[in-house]
Amino acid sequence: MRIKQIVMLLIFWGSVEAFAGIQLLLPKDGAVVPILSEAQKRYLGTATEERVAGFDDPAVRARLALIGWNPEPVVFVWSGVDWDTVSAEIEIRRESDGQAVCRENISLRTRNVWPVYNLESGTKYAWRVKIGGEVSPWGHFSTEAGPRLLSVDGVPNFRDIGGRIGMNGRRVRQGLLYRSSGANRPAATNAFSGAIQISKRGQETVCGRLKIKTDLDLRSDKECKGMRRSPFGPSVKWTHIPSGCYHWMTNSFEKDAIAKCFRVVNDPENLPLVFHCISGQDRTGTLAFVLNALLGVSEEDLSLDWEMTVFWNPATGWFSRKLRYEVMLKMFDECFKGSTLQEKVEQYVLSCGISKDEIDEFRQRMLED
């Protein structure tokens, strides 16, 4: 249900009478709520053959970009407010560990409607509202399973690596590894070297809500000329490893970069971590592909994760499935042994100098029990 519709319903219900206890209205208790738009879900649910056939079609890509990158918020609505009170606190906890993922003081001038972005997918939550000395009972809801797109102001193409099913039916953990586009413009293409794109609100999301510790920057030395710290915020450690993508991954420079990136990602002291290039599609998409393949994510979901930049980038010239993604798949097929794509990717990572023990450690950390 859209926020505008909810506000209209509240207006229809009329002003709330004298305070008589807080009632939680939405999400309804036990509800399963979406965190993707209906159009995004339709695309992700499209048959593989149809998706692949239309991916490099400029008209199709233009329509997909119009869908937009932003995920759906979960909208919270409650009643039973004394209008002499002007603020409230909403608290949302993850039920699996009781961790508070959101605790915000809000103005009641919103008519008791509060949208919350960036909840995890396929997850059970409890929520309550406090107003003055009154506290509501806990309400309970779940989010729909699927990929987790994120709303970070000023940084498009931001998403969680986790949420999909990996090897042995174990889901990839959320909240540890993220991928995104760049938070500042590359020095190589902008007269204002490294001009910041992320907003203050976006920095608060990255550092406060997501608690990201490390910014793994995959851009070239030229693109990062003059940079000394992360544009995500002063508390985020900037780690720069120039990297490549696609079929170029077999040369010695790229294999060395993959090994360095893997060891940064596999160090628990660096987590949560976000990795990115400038667009978050090619170098970022290649590293995400390798990491998810190591975790046993299916070929269909590996493809979808790479493709989802279509909600942001309509250009078909470079970001082409035929010219980029399928060429990368052919490289793995021809150069590395294995009965599955995932096994071939593992052989590639081993050839980069990463040990089997390191891969097992990564899987143990990143896959839910």
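Keep in mind that what you see is a predicted model, and the values were worked out from it rather than measured.

Criteria and cut-off values
Residues numbered from 1 in each chain as written. Predicted model: local features only at pLDDT ≥ 70, side-chain atom pairs only at ≥ 80, totals over all residues. Heavy atoms only, no water. Helix = DSSP H or I, 4+ residues; strand = E, 2+ residues; numbered from the N terminus. Buried < 20%, exposed > 50% of the residue type's maximum accessible area, 1.4 Å probe, protein only. Contact = heavy atoms within 4.5 Å. Areas by Shrake-Rupley, 256 points an atom, 1.4 Å probe, with all protein chains shown as cover. 1 Å grid on protein atoms, 1.4 Å probe; cavity = no way out; pocket = protein on both sides within 12 Å on 5 of 7 lines; lining within 4 Å. Points joined across faces, edges and corners; volume = space filled by probe spheres on them. Nonpolar A, V, L, I, M, F, W, Y, C, P; charged D, E, K, R; others polar. Axes fitted to C-alpha atoms, helices over the stretch in contact; angles between N-to-C directions. Parallel < 35°, antiparallel > 145°, perpendicular 65-115°, else oblique. Left-handed = near helix turned anticlockwise from the far one by under 90°. Core = buried A, V, L, I, M, F, W, Y, C linked by side-chain atoms within 4.5 Å. Polar contact = N/O pair within 3.5 Å; in protein donor to acceptor, adjacent residues only side chain to side chain. pLDDT = per-residue confidence, 0-100. Salt bridge = Lys/Arg side-chain N within 4 Å of Asp/Glu carboxyl O. Pairing = 2+ DSSP bridges. Phe/Tyr/Trp six-rings, centres within 6.5 Å; stacked < 30°, edge-to-face > 60°. Lys NZ or Arg CZ within 6 Å of the ring centre and 35° of its normal.

A.B. asks: Which parts of the structure should I look at to understand the overall build of the protein?
C.D. replies: What the protein contains, in helices and strands, is eleven helices and 14 strands. Evaluated residue by residue, the protein yields a buried proportion of 53% over its 369 residues. The long-range fraction of contacts in the protein, counting pairs at least 24 apart against all pairs at least 6 apart in sequence, stands at 71%. For the protein, the computed accessible surface area is about 16,800 Å², with 52% contributed by carbon and sulfur atoms.

A.B. asks: Where do I start with the layout of surface pockets in this structure?
C.D. replies: Gaps left between atoms show up when a probe the size of a water molecule is rolled over them. If you add up the space inside the largest pocket, you get close to 1,300 Å³. Taken together, 47 residues form the lining of the largest pocket, with Val101, Asn118, Arg148, Arg209 and Leu210 sitting closest to its centre. Within the residue set of the lining of the largest pocket, elements represented by two or more residues are strand E5 (100-107), strand E6 (113-116), strand E7 (124-131) and helix H5 (200-209). For the lining of the largest pocket, the leading source of residues is H5, giving six residues. A per-class count over the lining of the largest pocket returns 18 nonpolar, 13 polar and 16 charged.

A.B. asks: Please clarify how the packing of helix H6 (residues 252-265) against helix H7 (residues 283-294) should be interpreted in this entry.
C.D. replies: When two helices pack together, their arrangement is captured by the angle between the axes and the distance separating the axes. The geometry of H6 relative to H7 is characterised by a closest axis approach of 11 Å and an angle of 60 degrees between their N-to-C directions. Here H6 lies oblique to H7, going by the angle between them. Judged by the sense of rotation from one axis to the other, the crossing of H6 with H7 is right-handed. Of H7, the residues touching H6 (which contributes Ile258, Cys261, Phe262 and Val265) are Leu287, Leu291 and Leu294.

A.B. asks: Is there a simple way to think about the nonpolar core in this case?
C.D. replies: Looking at soluble globular proteins, one finds that nonpolar side chains tend to be buried together. Of all hydrophobic cores here, the largest spans 59 residues; its most connected members are Leu177, Leu216, Phe275, Phe289, Phe332 and Phe362. Among the secondary structure elements, those contributing two or more residues to this core are helix H2 (38-44), H6, strand E14 (273-276), H7, helix H8 (299-307), helix H9 (321-335), helix H10 (341-351) and helix H11 (356-366). If we skip the residues at most four places from it in the chain, Leu177 touches Asp160, Ile161, Gly162, Val265, Leu271, Leu273, Leu291, Phe362 and Met366. Listed in part, the 20 residues of the second largest apolar core include Val33, Ile90, Val129 and Ile131.

A.B. asks: Help me out: how do you make sense of the side chain of Arg179 in this one?
C.D. replies: Mapped onto the secondary structure, Arg179 falls in strand E11 (residues 177-180). A distance of 2.8 Å separates a polar atom in the side chain of Arg179 from the backbone oxygen of Gly280. A polar atom in the side chain of Arg179 sits 2.8 Å from the side chain of Asp305.

A.B. asks: Explanation requested: the confidence of the model for the protein in the structure shown.
C.D. replies: On average, residues of the protein score 90 in pLDDT, and 90% of them are at 70 or above. Confidence drops under a pLDDT of 50 for residues 11-19, and excluding neighbours within four residues, the segment shows twelve contacts in the predicted structure.

A.B. asks: How should I be thinking about empty space enclosed by the protein in this particular structure?
C.D. replies: The final tally for this structure, using the stated rule, is three cavities of 30 Å³ or more. Within this model, the largest cavity holds a volume of roughly 80 Å³. Forming the boundary of the largest cavity are Leu218, Ser243, Gly244, Cys245, Met249, Glu254, Ala257, Ile258, Cys261, Arg283, Thr286 and Leu287. Elements represented by at least two residues in the lining of the largest cavity include exactly H6 and H7. Of the residues forming the lining of the largest cavity, the biggest block, four residues, is contributed by H6. In the lining of the largest cavity, the residues fall into seven nonpolar, three polar and two charged.

A.B. asks: I would appreciate a short explanation of the pattern of salt bridges in the present structure.
C.D. replies: Think of it this way: side chains of opposite charge can pair up when their charged atoms draw near. Taken as a whole and assessed by the stated rule, the structure comprises 29 salt bridges. With a closest N to O distance of 3.4 Å, Asp305 and Arg164 form a salt bridge. Of this pair, Asp305 sits in helix H8 while Arg164 sits in the loop between strand E10 (159-160) and E11; the two residues are 141 residues apart in sequence, bridging distant segments of the chain. Judged on exposure class, the residue Asp305 and its partner Arg164 are both buried. Residue Asp360 is joined to Lys356 by a salt bridge in which the shortest nitrogen-to-oxygen separation is 2.9 Å. Taken together, the residues span about one helical turn, with Asp360 and Lys356 both in helix H11 at a distance of four residues. With relative accessibility at 32%, the residue Asp360 sits in the partly exposed group.

A.B. asks: Explain the sheet that holds strand E12 (residues 214-217) to me, please; I cannot follow it from the model alone.
C.D. replies: In sheet architecture, strand pairing relies on hydrogen bonds along the backbone and comes in two forms, parallel and antiparallel. Read from one edge to the other, the open sheet built from five strands follows the order E10-E11-E14-E12-E13, with strand pairing classed as mixed. The strands lining the two open edges of the sheet, one partner per strand, are E10 and strand E13 (237-240). Pairing analysis gives two bridges linking E10 to E11, with the strands arranged antiparallel. The residue of E11 that forms the bridge with Arg159 is Arg179. In this fold H6 packs onto E11, E12, E13 and E14, with an angle of close to 170 degrees to the strand it touches most, E12.

A.B. asks: Can you help me understand the packing of aromatic side chains in this one?
C.D. replies: Each aromatic ring pair is specified by the distance between its two centres and by the angle formed by the two planes. Taken as a whole and judged by the stated rule, the model has 18 aromatic pairs. Ring centres of Tyr125 and Phe141 lie 5.5 Å apart, and the angle between their planes is 20 degrees; this geometry places the pair in the stacked category. In this pair, Tyr125 sits in strand E7 while Phe141 sits in strand E9 (residues 139-143), placing the two residues 16 residues apart along the sequence. On the numbers, 5.8 Å between centres and 25 degrees between planes, the contact of Phe289 with Phe332 is stacked. Taken as a pair, Phe289 in helix H7 and Phe332 in helix H9 lie far apart in primary sequence, 43 residues in all. According to the relative accessible area criterion, Phe289 is buried, its value standing at 2%. One Lys or Arg, Arg61, reaches over the ring of Phe55 and ends 4.6 Å from the middle of that ring. Its guanidinium or amino end placed over the ring of Trp318, Arg324 lies 3.5 Å from that ring's centre, counting from NZ or CZ.

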